[in-house]
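# Architecture and fold: a report
Listed below, chain by chain, are the residues.
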Amino acid sequence: MHSLANKHILLGVTGSIAAYKAAELVRRLREGGAEVRVVLSAGGAEFVTPLTFQALSANPVHSELLDTEAEAAMGHIELARWADAVVVAPASANVIARLAQGRADDLLAAVCLATEAPVAVAPAMNQQMWANAATQDNLQRLRERGMHQFGPAEGDQACGETGLGRMLEATDIARHTAGLFDTGALAGLRVLVTAGPTQEAIDPVRYLSNRSSGRMGYAVAQAAAEAGARVTLVSGPTALPTPPRVARIDVRSAQDMHEAVQEQAGGADIFIATAAVADYRPAAPAEKKIKKTTDTLSLELVRNPDILAGVAALPGGPFTVGFAAETENLLAYARDKLARKGLDMIAANRVGGGLGFEAEENALSVIDANGVTELPQAAKSQLARRLIVLIAKHFRRRLG
Ligand code: PMT
């Protein structure tokens, strides 16, 4: 169930004897790598306590639509946005009817109405209630609106009857939930990304740096997380928010970035170096602010470690993808870096003319041993997704 990795699953538990299976479902979803939050209806709480779900999900349980404290922490709109999928399990006949009506008078119904994420119901009810035309009509309406339906199963029921209406087992619901997501080109893989500039201290108030905004690297980190990877982003100073489900390590200098990457690289399957790392740093940064007492000032610079080449040289290390920003001879310089640094792939971008550093858009020529793939000009977020598809393909090919 790799496609559950890093996914946010909102589990709606409603009033049915099958609510006990929802406790097991929380465990199965978390085993698949998902983060789970539970919305417990008043009926559901009659069968299983909020404390059980809180302990199993390791998150607070949400129950009230109009609770000022709860709304301040995470209200129905935040929950709706947080979810990558909403699964209502068990879904009683009553809840199915209310969802079909588009009601918004309790928290679960409001979240289902407000979310853009896929919503699935796992029906659980007596076989007569299941067979009733009203229930079937309601489900038909939900399916027509794109809602997913998991089950029900046939068999003995808690009421002593036998027939259709039993909720599916937790493992089956978890498997169907995983199936809601794309297979996730990087599902289950760990991806390490560097982004942004580095700052090399001259004295306590001045530094050498470059124009990298971090946009390209953050877009790559986000695209990798969307593709199901566990992503760690080692970032130089930027003004950007951390993409959802990405673990971020902030660094300042090339040496800091080098140390952070060395620490993380052993556990990574793929390393993508988008950072614009300063090649040199002042040999001896002044301890006190330098005073302007002379007409000229010379700074002695020394080479910084090559972070990317260091990772590429690790025995059994990750699949390494470098970036190359060039103003001329784009492909020739990039090919040289690919070979010299021992990389699996390099993404070359021409800088200037509204592309590359600081810009919203970019264009990439992606080079590996097999040739060049052109990714034409687009928003960095789109380009990053295309790059991730390419990386996933080549990574799998290398695995054989
Ligand atoms: O951040 P943005 O404003 O969105 O801009 C994006 C970008 C232009 C910075 C990005 O797309 C990009 O091209 N990054 C690489 C910048 C660069 O010039 O790299 P380089 O040619 O100096 O280095 C080649 C590769 O080695 C890069 O992957 C770099 O991260 C890595 N490197 C370089 C030097 C060093 N000491 N350590 C490294 O790991």
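See the structure printed just above.
One structure accompanies this document, and this report is about it. (Residues numbered from 1 in each chain as written. Predicted model: local features only at pLDDT ≥ 70, side-chain atom pairs only at ≥ 80, totals over all residues. Heavy atoms only, no water.)

Before going further, it helps to spend a moment on the overall build of the protein chain. Along the backbone of the protein chain there are 15 helices and 19 strands. Across the 400 residues of the protein chain, 50% fall into the buried class. A fraction of 66% describes how many contacts in the protein chain between residues 6 or more apart in sequence connect residues 24 or more apart. For the protein chain, the separation between the mean place of its 40 positive charges and that of its 43 negative charges on side chains is 5 Å. (Helix = DSSP H or I, 4+ residues; strand = E, 2+ residues; numbered from the N terminus. Buried < 20%, exposed > 50% of the residue type's maximum accessible area, 1.4 Å probe, protein only. Contact = heavy atoms within 4.5 Å. Lys, Arg positive; Asp, Glu negative; His and termini not counted. Charge placed at Lys NZ, Arg CZ, Asp CG, Glu CD.)

Once that is clear, we can look at the sheet that holds strand β11 (residues 230-235). The eight strands lie next to each other as β12-β11-β8-β13-β16-β17-β18-β19, forming an open sheet whose pairing is mixed. Here the strands that pair on one side only, and so sit at the sheet edges, are β12 (246-250) and β19 (371-379). When strand polarity is set aside, the average angle formed by the axes of neighbouring strands in this sheet is 20°. Of the pairings in the sheet, the one linking strand β17 (residues 345-350) to strand β18 (residues 361-368) comprises four bridges and is antiparallel in character. Bridge pairing in β18 places methionine 345 opposite aspartate 368. Here helix α14 (residues 330-340) sits on the sheet and contacts β16 (319-326), β17, β18 and β19; the angle it forms with β17, its principal contact strand, is near 150°. Docked against the sheet, helix α15 (residues 380-399) engages β13 (270-273), β16, β17, β18 and β19, running at close to 155° with respect to β19. (Pairing = 2+ DSSP bridges. Axes fitted to C-alpha atoms, helices over the stretch in contact; angles between N-to-C directions.)

Another point: the pattern of salt bridges. If you walk through the whole model with that rule in mind, you get 17 salt bridges. Glutamate 360 is paired through a salt bridge with arginine 215; the nearest N and O atoms lie 3.7 Å apart. With a gap of 145 residues between them, glutamate 360 in the loop between β17 and β18 and arginine 215 in helix α11 (residues 215-226) connect regions that are remote in the sequence. The class of arginine 215 is partly exposed, set by a relative accessible area of 28%. One salt bridge connects arginine 385 with glutamate 226, and the closest N-O pair in it is separated by 2.8 Å. Remark: glutamate 226 occurs in helix α11 and arginine 385 occurs in helix α15; sequence separation between them is 159 residues. Residue arginine 385 is classed as partly exposed on the basis of its relative accessible area of 40%. Among the ionic contacts, a cluster of salt bridges with common partners joins Arg98, Arg103, Asp105 and Asp106. (Salt bridge = Lys/Arg side-chain N within 4 Å of Asp/Glu carboxyl O.)

Near the ligand lie 26 residues; those nearest to it are Ser212, Ala275, Lys337, Asn349 and Glu358. Between the ligand and the protein, one listed contact pairs an oxygen atom with a side-chain N or O atom of serine 212 at 2.6 Å. Methionine 216 places a main-chain nitrogen or oxygen 2.8 Å from an oxygen atom of the ligand. Contact with the protein chains covers 95% of the free accessible surface of the ligand, which is 780 Å². Every element with two or more residues in the shell around the ligand is listed here: α11, α13 (307-312) and β16. The element contributing the most residues to the shell around the ligand is β16, with three residues. (Near = heavy atom within 4 Å. Polar contact = N/O pair within 3.5 Å; in protein donor to acceptor, adjacent residues only side chain to side chain. Areas by Shrake-Rupley, 256 points an atom, 1.4 Å probe, with all protein chains shown as cover.)

With that out of the way, let us pick up the packing of α11 against α15. For the pair α11 and α15, the least separation of the axes is 8 Å and the interaxial angle reads 50°. By the angle between their axes, α11 is oblique relative to α15. Crossing angle aside, the handedness with which α11 passes α15 is right-handed. Contacts from Arg215, Met216, Ala219, Val220, Ala223, Ala224 and Glu226 in α11 reach Lys380, Ser381, Leu383, Ala384, Arg385, Leu387 and Ile388 in α15. (Parallel < 35°, antiparallel > 145°, perpendicular 65-115°, else oblique. Left-handed = near helix turned anticlockwise from the far one by under 90°.)

Here we take up the packing of helix α1 (residues 19-31) against helix α3 (residues 50-57). With their axes 9 Å apart at the nearest point, α1 and α3 run at an angle of 15° to one another. Judged by the inter-axis angle, α1 sits roughly parallel to α3. The chirality of how α1 crosses α3 is right-handed. Contact with α1, carried on its side by Ala19, Ala22, Ala23, Val26, Arg27 and Arg30, involves Thr52, Phe53, Leu56 and Ser57 of α3 and no other residues of that element. Per-class residue counts for the contact of α1 with α3 are six nonpolar, two polar and two charged. (Nonpolar A, V, L, I, M, F, W, Y, C, P; charged D, E, K, R; others polar.)

The next thing to look at is helix α10 (residues 170-179). Among all positions in α10, only Ala170, Ile173, Ala174, Thr177 and Ala178 are buried. Down the axis of α10, the sector holding all buried residues measures 140°, keeping them to one side. Its buried side turned inward, α10 meets β1 (8-13), α1, β3 (85-91) and β4 (119-123). (Arc of directions from axis to C-beta.)

Size it by volume and the largest pocket reaches roughly 870 Å³. Surrounding the largest pocket, 40 residues form its lining, Ala275, Ala276, Val277, Asp279 and Phe323 being those nearest its centre. Secondary-structure elements contributing two or more residues to the lining of the largest pocket are α11, β13, α13, β16, α14 and β17. Among the residues making up the lining of the largest pocket, the classes are represented as 19 nonpolar, 12 polar and nine charged. (1 Å grid on protein atoms, 1.4 Å probe; cavity = no way out; pocket = protein on both sides within 12 Å on 5 of 7 lines; lining within 4 Å. Points joined across faces, edges and corners; volume = space filled by probe spheres on them.)

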